[in-house]
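Residues per chain are reported as follows:
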Amino acid sequence: MNDRPIVTDARYVLCWLQQALRARDNPVIDAAVRLGNALGLPVLVYHGVREDYPYASDRLHQFILGASRDLAAGCRERGLACVRHVDRDGHREKGLVYRLGADAAALVLEDQPTFVARWQSERVASRITIPVYAVDAACLVPPTVLGDGIAGRSGFLGRHEPARAAWIDAEDEQAKIAPYDAALPFTPDSLDGDLDALIATLDIDHSLPPSPAFPAGRGAAEARLQRLIRDVLPGYATTRNDATRREGASGLSPYLHFGVLGPREVMRAVAAAQSGGGGGGKGGGQVGARHATKFADELLGWREWFQYQARGLAAPERYDRVAGWARATLADHADDPRPDIESLASLLRGETRDQSWNACQRQFLRFGWMHNNLRMYWAKRIIAMTPDPETAWATACYLNDRLSLDGRDPSTYGNIAAMFGGAPGDCERPVYGRVATRGDGSTRARDGGDAWLARAASRPVPAVTVPADVPRERYLRD
Ligand SMILES: Cc1cc2nc3c(=O)[nH]c(=O)nc-3n(C[C@H](O)[C@H](O)[C@H](O)COP(=O)(O)OP(=O)(O)OC[C@H]3O[C@@H](n4cnc5c(N)ncnc54)[C@H](O)[C@@H]3O)c2cc1C
């Protein structure tokens, strides 16, 4: 990311993780270990969390710190030192990456296309005096190997699908140098104590509690992966659209977003289930190709396409990424009467006049996750429930980013953009213009759908704080 030379009289290679919070199957760590082995230096893995990143809350901090605890344990197991810092009153450490970098031969960090990780990496690379290498850990196929300028998903798949086989079998790099245990410019946090007690002392949003459905940490991620193989994958192509079914979808997205699991590990488990190994299917048999192919299309074909797209955008989270024709038609209808408009408080707390929308929003509020099928209805309806298209965009991004464990992701902005644009509808409608609308029929028409929506719309949710306005600038860019 810069043109600095490798430092020869260094103590270690610094590996700074922001989001890829796993010790194994992590290309960022592997690149650092390979470089360390070549230079005869140990690797020092560093993970730090501040209080002032956008949407910092008990929910996000708990998920992140639980993952970080297991990251350090996993690093120890593979012979690497891993140090953490939780920035807080009485424990402020300014410029820690730079200070750690002062003893490093080079810095290896994550190649992340959205949110704080992107801007922090770019800023550090432009200021630090050591070389900085960015390595992708979010995708199976690193987007950079696909080349620039792919305009559509079919062109993307044309390059991505043939490349997959070359990336599925990589093994962890073995560290040849003993773990670093010498001087550090700060006292690391252990995170082995009571995380809830630590989080309670922080200056973050305490009105949004941790998710009861998505526990933090590697063990929970592995349990989700086993559940995918055992209960979800055998019927995935037919059940994935049914929001009323508990086992229709994997629920892996929070763990993928924070890198507790990587797509390579998930796809290896899917391939094993398909070939009859790995306990696939309720009876331990093979998983049908149709289901495995559909799952791969979501995890690789869609998720990695949005990762690729985000890389080509200066600000993937901005409204100007929505297709030009869609912004134009929405602008043409910006002054239309909007009888469905709702206050930010009603939206945020899932207390609107639309029961189905409340059911969606309350899934976000309570669990920090929403079913894909509900997300489509939820995003489309926000266009009619807000005063103008740009506020609709800001509101959808805000709700998704603040509440959802998997928010702030290339898939967040890519999918919301698809709901605001996508394929044009067949006629011109009030408020939406030529942007296609979407009803709640795909859930309501299910067996028991009405009752499910009524229950979901009235489930108890935390009383989150409501800002005066929807935040529009959400990134720490300076
Ligand atoms: C308006 C809207 C907003 C969304 N916001 C997010 C978001 O903030 N973060 C996020 O990760 N996904 C987002 N998605 C995509 C999708 O809804 C979620 O990834 C999925 O619901 C997560 O649940 P799951 O892990 O059970 O999915 P599964 O059906 O089990 O799919 C397995 C994995 O495939 C990937 N995947 C599935 N569907 C999609 C998709 N449409 N686009 C990209 N990847 C997909 C995810 O990584 C997912 O974990 C959004 C979709 C819409 C329509």
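This one's a predicted model, so the numbers in the text were calculated from it and none came from an experiment. (Residues numbered from 1 in each chain as written. Predicted model: local features only at pLDDT ≥ 70, side-chain atom pairs only at ≥ 80, totals over all residues. Heavy atoms only, no water.)

## A closer look at empty space enclosed by the protein
As enumerated under the stated definition, the model contains 3 cavities of 30 Å³ or more in all. Of the voids in this model, the largest cavity is the one considered here, and its volume is about 90 Å³. Along its surface, the largest cavity is lined by 14 residues, and Q112, A137, A138, L256 and H257 are the ones closest to its centre. Those elements that place two or more of their residues in the lining of the largest cavity are α9 (253–257) and α11 (289–311). Taken together, the residues that form the lining of the largest cavity break down as 4 nonpolar, 5 polar and 5 charged. A domain-level breakdown of the lining of the largest cavity finds at least three residues from each of domain 1 (1–137) and domain 2 (218–311). (1 Å grid on protein atoms, 1.4 Å probe; cavity = no way out; pocket = protein on both sides within 12 Å on 5 of 7 lines; lining within 4 Å. Points joined across faces, edges and corners; volume = space filled by probe spheres on them. Helix = DSSP H or I, 4+ residues; strand = E, 2+ residues; numbered from the N terminus. Nonpolar A, V, L, I, M, F, W, Y, C, P; charged D, E, K, R; others polar. Domains from an automatic or database assignment.)

## Some thoughts on the site of the ligand
The ligand sits among 27 residues. The nearest are Y236, S250, G251, N372 and T412. One of the side-chain N or O atoms of Y236 is found 2.5 Å from an oxygen atom in the ligand. The separation between an oxygen atom of the ligand and a polar side-chain atom of N400 is 3.0 Å. For the ligand, whose unbound accessible area comes to 810 Å², protein coverage reaches 97%. Comparing atom positions with the cavity grids shows the ligand to sit within the largest pocket. Breaking the shell around the ligand down by element, the ones donating at least two residues are α9, α11, α15 (372–385) and α17 (410–420). At 6 residues, the largest contribution of residues to the shell around the ligand is made by α11. Split by residue class, the shell around the ligand holds 14 nonpolar, 9 polar and 4 charged. Both of domain 2 (218–311) and domain 3 (319–457) provide at least three residues apiece to the shell around the ligand. (Near = heavy atom within 4 Å. Polar contact = N/O pair within 3.5 Å; in protein donor to acceptor, adjacent residues only side chain to side chain. Areas by Shrake-Rupley, 256 points an atom, 1.4 Å probe, with all protein chains shown as cover. Sits in = over half its atoms within 2 Å of the grid points.)

## Topic: the environment of R353
By the secondary structure assignment, R353 is in the loop between α13 (344–348) and α14 (355–367). In the structure, R353 is positioned 13 residues away from D340 in sequence and 8.2 Å away in space, judged by C-alpha atoms. If sequence neighbours within four positions are ignored, R353 has contacts with P339, D340, I341 and E342. Among the polar contacts listed, one links the side chain of R353 to the backbone oxygen of I341, at a separation of 2.7 Å. Within the local environment of R353, its side chain forms a polar contact with the side chain of E342, the two groups lying 2.9 Å apart. (Contact = heavy atoms within 4.5 Å.)

## What about the pattern of salt bridges?
Here the structure, examined in full by the defined rule, presents 29 salt bridges. A salt bridge links R24 to D172; its shortest N-O distance comes to 3.5 Å. One end of the pair, R24, is in the loop between β1 (12–16) and α1 (27–39); the other, D172, is in the loop between α5 (153–163) and α6 (195–200), with 148 residues separating them in the sequence. Of the charged contacts in the structure, one is a salt bridge between R92 and D87, with a shortest N-O distance of 3.2 Å. For R92, a relative accessible area of 47% gives the class partly exposed. Residue classification places D87 among the buried positions, given a relative accessible area of 12%. Residues joined in a network through salt bridges with shared partners are E51, D87 and R92. (Salt bridge = Lys/Arg side-chain N within 4 Å of Asp/Glu carboxyl O. Buried < 20%, exposed > 50% of the residue type's maximum accessible area, 1.4 Å probe, protein only.)

In short, the description is geometric, and any link to function would need to be established separately.
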